[in-house]
Amino acid sequence: MRQRFEQQLDMRITPICDIKISTKSRDELPPTIRALQYIFITPAINEKIFALMEDKICKGKKKTGRPGMDLWHVLVLAVIRHCLDTNWDRLTHVANYDALVRNILGVLPDLSENEFEYQNILDNVSLIDEQLLHQVNDIVVEAGQQLIKKKENEPLCLKTDSYALETNIHFPTDLNLLWDSSRKMLDTVVNLRRYTVVPEWRKIKDIRKALKSQYRATAQQVFKGKSETQKKQSVKDYLQQAIFLQKKCDAVSASPFSDLHSKQQQKCTLLLISLNHYNDYSKKFTDQIERRLIKGEQIPAKEKTYSIFEPHSEWITKGKANKRVELGHLLMITTNQYQYIVDYKILQGEKDATQVASLTERITEKYKDQPIHSHSFDKGYWSGENLRILQDSKIENAVLPKRGNHTKADKEREGSKVFKRLRNQHSAVESNINMLEHHGLNRCRDKGMGGFKRCVGLSVLAYNLHIMGNSLRAIAKEKQKQREAKQREHLFKKAA
């Protein structure tokens, strides 16, 4: 049984609507908590977000059994982790010992009740998915824009750019990928021996030590050695040990474990699946090392895997001087003149120039009743077809610089005052990207493609809430100035 939120009836608990948040702090947390407080006390926004979360998390579940974590707690803790760009351990500490965070959670300031456990937080935040986050982000952006809009149908000025969001992996070579596969095979065998007898693995520590020593010696020869003969011989020795390990693991997979009870049988089955998974990777890298370093072949990019832990990672080269290669996925974001991220997309095996048509369709559908004054891109999005799509849409000013030689028409288009002004303003999206990187999207720590997508959505939500919180803080400061001015005026009149 899970509920939206239930304020505990205790004199020590400050109601969420009465929480006082500093307007002077420059930390990321206070404005984000101010935005969460605004969402909680605004019925229209509150109802929309809770309805979406109930439909996703509680749908199809019986309203009986132990009480689960409140939906409000799930949302707040998920946002705070990405607001602080931190890990689950620090989030657990903050949730239990930070007074402001416990106030916004609506629980007692001490740990007499509602102590949040590491695994409980992790499991509940993992229930949020990409689709839900897209919907919640749209609600937050709409609410944030209403706070600062001067006119009801004020035209939008959009900017789109992409950057490489890295996965949490080391730099790959086929040699170290083979070692990763081998050590995980050995770890899996060690775990398997806890539940059953696995014959002929008495010297598993010696196998690990010998394979690791050979891997390091081979890496030294390949990357720093001078003799081609020595390089190839070292590689052959390394492959020989890897193949020996593969054969031993094949023998383990072929042996039956029928004398175990059901729970042990189940655990052993899962471990054997894992063992076969890493063994397949080991055989793949063994083949690629032989083809590349011994036979002199060039491995096609489509055959390469850059991590056995995050196999979805891509090799990204954007031509940057400081980062020639990045491993992860391109993340495309679109911001408006109020600095909100109104659209985002993870590009899996896609390039920037292929996204303009689908992006324009999403934007025009989302803002069908609102005019769009401009939409700017960089040269990476250029193609003649993309320019035609933008010009045929409802966007008044399409800012899409051309790559290569310019015709007379191109020079006239890019030489106009409006184009130059909007192109100069486009660089503001870089500061938005930098701020987003400080909200958890410099390197994704979550595992798997599902975790990667959830991490992106939550970081974008934390970013948008931070922007909303800054607007609310500016409004609070202005009201405070007005109150102080009235007090001074009252004192002057009284003194006169």
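Scoring rules and cut-offs
- The residue numbering used here restarts from 1 in each chain and proceeds along that chain's sequence as written.
- A pLDDT threshold of at least 70 governs which residues receive local features in this predicted model, and a stricter bar of 80 or more applies before side-chain atom pairs are shown or counted, although totals over entire chains, interfaces and linings include all residues.
- By convention in this description, side-chain values take in all heavy atoms of the structure and omit both hydrogens and water.
- Counting from the N terminus, the helices are DSSP H or I runs at least four residues long and the strands are E runs at least two residues long.
- Note on exposure labels: buried denotes an accessible area under 20% of the residue type's maximum, exposed denotes more than 50%, and partly exposed covers the range between, all computed with a 1.4 Å probe on protein chains only.
- By the convention used here, residues are in contact when the closest approach between their heavy atoms is within 4.5 Å.
- What sets the accessible areas is the Shrake-Rupley method with a 1.4 Å probe; for residues, cover comes only from the shown protein chains.
- Only four residue types enter the tally: Lys and Arg on the positive side, Asp and Glu on the negative side, with His and both chain ends excluded.
- One atom stands in for each charge, and that atom is NZ of Lys, CZ of Arg, CG of Asp or CD of Glu.
- The working definition used for a salt bridge is a side-chain nitrogen of Lys or Arg within 4 Å of a carboxyl oxygen of Asp or Glu.
- Think of a polar contact as two N or O atoms within 3.5 Å of one another; within protein, one of them needs to be a possible hydrogen donor and the other a possible acceptor, and neighboring residues in sequence only count if both atoms come from side chains.
- By convention, a stacked pair of Phe, Tyr or Trp rings (six-membered ring in the case of Trp) has centres within 6.5 Å and planes under 30 degrees apart, an edge-to-face pair has planes over 60 apart, and any other such pair is tilted.
- Note: two strands are recorded as paired if DSSP finds a minimum of 2 bridges between them.
- Seen with the strands pointing away from the viewer, any crossover whose path from the first strand over the helix to the second strand runs clockwise is right-handed.
- Buried Ala, Val, Leu, Ile, Met, Phe, Trp, Tyr and Cys residues form a nonpolar core when they are joined through side-chain atoms within 4.5 Å.
- The axes are straight lines fitted to the C-alpha atoms, using for helices just the contacting stretch, and the angles between their N-to-C directions are given from 0 to 180°.
- An angle below 35 degrees is read as roughly parallel, one above 145 as roughly antiparallel, one from 65 to 115 as roughly perpendicular, and any other as oblique.
- Crossing handedness is defined as follows: a turn of the near helix away from the far one that is anticlockwise and smaller than a right angle gives a left-handed crossing, while the clockwise case is right-handed.
- Under the scheme applied, nonpolar residues are Ala, Val, Leu, Ile, Met, Phe, Trp, Tyr, Cys and Pro; charged residues are Asp, Glu, Lys and Arg; polar residues are all the others, including Gly.

**Notes on the overall build of the protein**
Okay, so step 1: What the protein contains, in helices and strands, is 17 helices and seven strands.
Okay, so step 2: Each of the three principal axes of the protein carries a C-alpha extent, and together these read 95 × 75 × 45 Å.
Okay, so step 3: Out of the 496 residues belonging to the protein, those deemed buried represent 46%.
Okay, so step 4: Contacts in the protein between residues far apart in sequence, at least 24 positions, make up 70% of those at least 6 positions apart.
Okay, so step 5: Put simply, the protein shows about 26600 Å² of open surface, and 50% of that area lies on carbon and sulfur atoms.
Okay, so step 6: Across the protein, the mean location of the 83 positive side-chain charges is 4 Å away from that of the 61 negative side-chain charges.

**Looking at the pattern of salt bridges**
Okay, so step 1: Taken as a whole and assessed by the stated rule, the structure comprises 22 salt bridges.
Okay, so step 2: Residue K493 pairs with E489 through a salt bridge whose shortest N-O separation is 3.5 Å. Here K493 and its partner E489 are both found in helix α17 (residues 448–495), four residues apart, which amounts to about one turn of the helix.
Okay, so step 3: With a relative accessible area of 59%, K493 lands in the exposed category.
Okay, so step 4: Residue classification places E489 among the partly exposed positions, given a relative accessible area of 44%.
Okay, so step 5: Each of D287, R291, E297 and E303 takes part in one network of salt bridges that share partners.

**So, helix α4 (residues 88–97)**
Okay, so step 1: Here α4 has its buried residues at W88, L91, T92, V94, A95 and N96.
Okay, so step 2: Considering only its buried residues, α4 is in contact with α3 (71–83), α5 (99–105) and α6 (118–125).
Okay, so step 3: Between a side-chain oxygen at the N-terminus of α4 and the backbone nitrogen of D89 the separation is 3.3 Å; the capping residue is N87.

**Here's the deal with the packing of aromatic side chains**
Okay, so step 1: The full count for this structure, using the stated rule, is eight aromatic pairs.
Okay, so step 2: Their ring planes at 50° and their centres at 4.9 Å tell us that F40 and W72 sit as a pair that is tilted. With F40 in helix α1 (residues 29–41) and W72 in helix α3, this residue pair connects regions lying 32 residues apart in the sequence.
Okay, so step 3: Residue W72 is classed as buried on the basis of its relative accessible area, which comes to 1%.
Okay, so step 4: Taken together, the aromatic side chains of F40, F50 and W72 make up a single cluster linked through ring pairs.

**What to know about the pairing of strand β6 (residues 395–399)**
Okay, so step 1: Judged from the four bridges that link them, strand β5 (residues 372–376) and β6 form a sheet pairing that is parallel. Bridge assignment links H375 to a residue of β6, and that residue is A398.
Okay, so step 2: Handedness of the crossover joining β5 and β6 through helix α13 (residues 384–392): right-handed.

**Some points on the side chain of K159**
Okay, so step 1: Examined against the element boundaries, K159 turns out to sit in strand β1 (residues 156–167).
Okay, so step 2: Discounting residues that sit within four places of it in the chain, K159 has contacts with I333, T334, T335, N336, Q337, H375, S376, Q425, H426, A428 and V429.

**Some words on the nonpolar core**
Okay, so step 1: W72, I121, L331, L436 and V456 are the most contacted members of the largest nonpolar core, which has 92 residues in total.
Okay, so step 2: At 13 residues, the largest contribution of residues to this core is made by α17.
Okay, so step 3: With residues near it in sequence (within four places) discarded, W72 still touches R4, F5, I16, L36, F40, F50, I104 and L105.
Okay, so step 4: Listed in part, the 34 residues of the second largest apolar core include L192, C268, L275 and I308.

**Description of the environment of G450**
Okay, so step 1: With respect to the helices and strands, G450 occurs in helix α17.
Okay, so step 2: In this structure the C-alpha to C-alpha distance between G450 and S126, which are 324 residues apart in sequence, comes to 9.3 Å.

**Side note on the side chain of T188**
Okay, so step 1: Its location among the elements puts T188 in helix α8 (residues 174–192).
Okay, so step 2: A polar side-chain atom of T188 sits 2.7 Å from the main-chain carbonyl oxygen of K184.
Okay, so step 3: The contacts of T188, once residues within four sequence positions are left out, are L271, S274, L275 and Y278.

**Comments concerning the packing of helix α16 (residues 428–441) against α17**
Relative orientation and spacing of two packed helices are given, respectively, by the angle between their axes and the distance between those axes.
Okay, so step 1: The interhelical angle for the contact between α16 and α17, taken along N-to-C directions, is 120°, at an axis separation of 9 Å. Between α16 and α17, the crossing angle belongs to the class labelled oblique. α16 and α17 meet at a crossing whose hand is right-handed. Contacts between α16 and α17 involve N432, M435, L436, H439, G440 and L441 from the first element and C455, V456, S459, V460, A462, Y463, H466 and I467 from the second.
Okay, so step 2: Among the residues forming the contact of α16 with α17, the class breakdown is nine nonpolar, five polar and no charged.

**Side note on the pairing of β1**
Okay, so step 1: Taken across its 12 residues, β1 has 11 buried, putting it largely inside the fold.
Okay, so step 2: Bridging between β1 and β5 involves four bridges; their strand directions are parallel. For L158, the partnering residue across the bridge sits in β5 and is H375.
Okay, so step 3: Examined bridge by bridge, β1 and strand β3 (residues 326–335) share eight bridges and lie antiparallel to one another. Residue Y163 lies in a different strand from β3, and its bridge partner there is L331.

**Thoughts on the packing of α8 against helix α9 (residues 204–224)**
Okay, so step 1: At a minimum axis distance of 10 Å, the contact between α8 and α9 shows a crossing angle of 175°. Comparing the axis directions of α8 and α9 gives the class roughly antiparallel. Only I204, I207, R208, L211, K212, Y215, T218, A219, V222 and F223 of α9 make contact with α8, whose side of the interface consists of L175, N176, W179, S182, R183, L186, D187, V189 and V190.
Okay, so step 2: Here the contact of α8 with α9 is built from residues that sort into 12 nonpolar, three polar and four charged.

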